[in-house]
Amino acid sequence: MKYVDEFRDGQLAKGLAAAIAREATPSRNYSFMEFCGGHTHAISRYGVTDLLPDNVRMIHGPGCPVCVLPIGRVDMAIELALEHGVILCTYADTVRIPASKGLSLLKAKAGVGDQRADIRMVYSAADALTLAQQNPDRQVVFFAIGFETTTPPTAVIIKQAQTLNLKNFSVLCCHVLTPSAIANILESPEVRQYGTVPLDGFIGPAHVSTIIGSRPYEFFAEEYRKPVVIAGFEPLDVMQAILMLVRQVNEDRVEVENEFTRAVSRDGNLKAQNLVAEVFELRREFEWRGLGLVPYSALKIRDQFAAFDAEQRFPLSYRAVADNKACECGAILRGVKRPWDCKVFGTACTPETPMGSCMVSSEGACAAHYTYGRYREVA
Ligand code: SF4
């Protein structure tokens with residue numbers, strides 16, 4: 001398949017691995033964070049770590065929208081379905097995120113006492129709008145999660161719902177922003193004070209950057225002196241990005257480079273950006289799992305579209321809930337710990353029995369490591 005097969009070529013991978021090994025200076029360490037769960041997945045699936053020299057270390061970042069969704073937000077979705085009787089539409093991974101009281105959306109759908117939540121898995125935001133049109137006597141809520149990539153489709157359906165004058169459709173908006181999370185990590189005590197998370201640069205997400213462009217990352221190069229390479233999600237994309245980061249470090253350059261030139265430009269998709277700006281505005285703060293309250297890191301629906309905002313239509317309030325004490329997701333999402341540091345990894349917590357969000361999504365670090373990498377430590 002074009003744009004896939006040629007980026008999985010084993011011979012080219014060996015050549016890139018040799019170049020990284022040749023150019024990485026033996027006397028120093030290189031620590032790069034792959035922000036996005038898609039990169040984490042590719043690194044685990046294709047064994048990229050095994051192709052790197054020991055002094056080049058990859059650190060998983062918080063760029064998995066399912067993983068960073070805090071329990072309190074899942075509780076709100078369950079409350080909408082159980083107590084307000086809405087049809088709650090959501091993407092598949094979200095239904096398995098552990099929530100309060102031992103619940104999840106999936107368990108609420110199976111039944112709590114004599115109540116059964118009407119949860120529908122959808123493949124797109126547009127599916128949720130269609131469900132609202134097909135069920136005019138029911139309130140339909142779309143549980144909207146994701147980074148900048150999935151925000152424009154949510155904006156589209158809100159505008160369509162307004163045009164159609166739908167009275168039974170709204171959105172529980174949990175869209176979050178990539179640059180705010182990167183800034184939060186760079187400001188964290190582990191990076192700034194303790195040095196326990198050494199960071200020499202970032203691999204930036206390709207899909208997010210098709211929307212926002214490469215320009216927003218320039219701040220991190222200029223203000224924090226951290227190189228960024230925006231990369232695609234195939235193994236050769238990731239390896240090429242690592243090589244580009246090694247070269248920047250060696251040459252003492254601090255730049256934003258774009259490996260994913262096949263789809264990312266400096267300015268991004270202006271049409272999509274304008275659409276998002278028309279429908280959404282910044283939240284003053286938003287809780288992220290692992291990162292805590294992050295200022296201006298998420299979007300809310302503008303007052304002009306309040307009729308389609310589930311937080312305005314229903315009497316909902318957000319309540320912060322602590323993670324399961326045994327779960328290390330928070331530390332893993334900050335790059336402080338790795339999946340195998342968690343005592344219940346692969347025993348009590350598996351993809352079939354997830355105790356934390358990082359084991360739910362295939363892009364979560366724990367799920368990726370469980371699926372592809374857990375045997376390496378044993379061997
Ligand atoms: S293995 Fe499970 S419990 Fe442990 S950090 Fe990962 S998701 Fe949380």
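This one's a predicted model, so the numbers in the text were calculated from it and none came from an experiment. Position numbers for residues start from 1 in each chain and track the written sequence from start to end. Local features in a predicted model are, by the rule used here, given only for residues with pLDDT of at least 70; side-chain atom pairs are given and counted only at 80 or more, and totals for whole chains, interfaces and linings are based on all residues.

**Overview of the overall build of the protein**
Here is step 1: Counting from the N terminus, the helices are DSSP H or I runs at least four residues long and the strands are E runs at least two residues long. Of the regular secondary structure elements, the protein holds 16 helices and 13 strands.
Here is step 2: Computation of the radius of gyration draws on C-alpha atoms, with the globule rule given as 2.2 Å multiplied by the number of residues to the power 0.38. By the compact-globule yardstick of 21 Å for 379 residues, the protein fits well, its C-alpha radius of gyration being 21 Å.
Here is step 3: Structurally, the protein occupies a C-alpha span of about 65 × 45 × 45 Å along its principal axes.
Here is step 4: Partly exposed residues are those falling between the two cut-offs: more than 12 but fewer than 20 other C-beta atoms within 10 Å of their own, whereas 20 or more means buried and 12 or fewer means exposed, with C-beta atoms placed from the backbone. Burial analysis of the protein (379 residues in total) assigns 50% to the buried set.
Here is step 5: Put simply, of all contacts in the protein between residues at least 6 apart along the chain, 76% involve residues at least 24 apart. Here, residue contact means that the backbone-derived C-beta atoms of the two residues sit within 7 Å.

**Let's talk about the domain arrangement of the protein**
Here is step 1: Here the protein is partitioned into domain 1 (30-63 + 178-251 + 330-374) and domain 2 (71-176 + 298-313).
Here is step 2: Between domain 1 and domain 2, the contact holds twelve residues from the first and eight residues from the second.
Here is step 3: Residues were grouped as follows: Ala, Val, Leu, Ile, Met, Phe, Trp, Tyr, Cys and Pro as nonpolar; Asp, Glu, Lys and Arg as charged; and all remaining residues, including Gly, as polar. Grouping the amino acids of the side of domain 1 that touches domain 2 by side-chain chemistry returns six nonpolar, six polar and no charged. Note that the domain bounds were set by an automatic or database domain assignment.

**A closer look at the pairing of strand 7 (residues 201-205)**
Here is step 1: Buried residues dominate strand 7, accounting for five of its five residues.
Here is step 2: Two strands qualify as a pair provided that DSSP identifies no fewer than 2 bridges between them. The sheet contact formed by strand 1 (residues 30-36) and strand 7 spans three bridges and is parallel. Counterpart to Met 33 in the pairing with strand 7 is Phe 202.
Here is step 3: Sheet analysis places strand 7 next to strand 8 (residues 228-231), joined by four bridges and oriented parallel.

**Things to note about the site of the ligand**
Here is step 1: Using a C-beta atom placed from the backbone, a residue is scored as near a molecule or strand whenever that atom is within 6 Å of it. Around the ligand, a shell composed of 15 residues is seen, among which Cys 327, Cys 342, Cys 349, Gly 356 and Cys 366 lie nearest.
Here is step 2: Per-class residue counts for the shell around the ligand are 13 nonpolar, one polar and one charged.

**Quick notes on the sheet that holds strand 3 (residues 87-90)**
Here is step 1: Taken in spatial order, the four strands make up an open sheet running 4-3-5-6, and their pairing is parallel. The sheet is open, and its two borders are formed by strand 4 (118-121) and strand 6 (169-175), each paired with just one other strand. With direction set aside, neighbouring strand axes in the sheet form an average angle of 25°.
Here is step 2: Two elements, strand 5 (residues 140-146) and strand 6, share seven bridges in a ladder whose sense is parallel. Looking at the pairing, Val 141 lines up with Ser 170 of strand 6.
Here is step 3: Against the sheet, helix 7 (residues 151-163) touches strand 5 and strand 6, its axis set at about 160° to strand 6. Lines fitted to C-alpha atoms define the axes here, with helix axes fitted over just the stretch in contact, and angles between the N-to-C directions of these axes take values from 0 to 180 degrees.

**Comments concerning the packing of helix 6 (residues 125-134) against helix 7**
Here is step 1: Relative orientation of the contacting elements helix 6 and helix 7 amounts to 25°, with a least axis distance of 8 Å. By the angle between their directions, the pair helix 6 and helix 7 is classed as roughly parallel. In terms of crossing hand, the pair formed by helix 6 and helix 7 is right-handed. Where helix 6 abuts helix 7, its residues Ala 125, Ala 126, Ala 128 and Leu 129 lie against Pro 153, Thr 154, Ile 157, Gln 160 and Ala 161.
Here is step 2: Each residue belonging to the contact of helix 6 with helix 7 can be placed in one class, and the counts come to seven nonpolar, two polar and no charged. Note on angle classes: values under 35 degrees are labelled roughly parallel, values over 145 roughly antiparallel, values of 65 to 115 roughly perpendicular, and the remainder oblique. It is the rotation of the near helix from the far one that decides the hand of a crossing: anticlockwise by less than a right angle makes it left-handed, clockwise makes it right-handed.

**Some points on the pairing of strand 5**
Here is step 1: Judged by how many residues are buried, strand 5 sits mostly within the fold: seven of seven residues are covered.
Here is step 2: Side-chain alternation along strand 5 places Val 140, Phe 142, Ala 144 and Gly 146 on one buried face and Val 141, Phe 143 and Ile 145 on a second face that is also buried.
Here is step 3: Pairing between strand 3 and strand 5: three bridges, direction parallel. In the strand pairing of strand 5, Cys 89 is matched with Phe 142.
Here is step 4: Crossover handedness for the path strand 5 to helix 7 to strand 6: right-handed. With its strands directed away from the observer, a crossover is right-handed exactly when the path from the first strand over the helix to the second travels clockwise.

**A short note on the sheet that holds strand 9 (residues 256-258)**
Here is step 1: If you walk across this open sheet you meet the five strands as 2-1-7-8-9, and the pairing is parallel. Every other strand in the sheet has two partners, leaving strand 2 (56-63) and strand 9 as the edge strands with one partner each. Each strand axis lies, on average, 25° off the axis of its neighbour in the sheet, ignoring direction.
Here is step 2: Where strand 1 meets strand 2, six bridges bridge the pair, whose relative direction is parallel. Bridge pairing links Met 33 to Ile 59 in strand 2.
Here is step 3: Along the sheet face, helix 12 (residues 235-250) touches strand 1, strand 2, strand 7, strand 8 and strand 9 and points at about 165° away from the line of strand 8.

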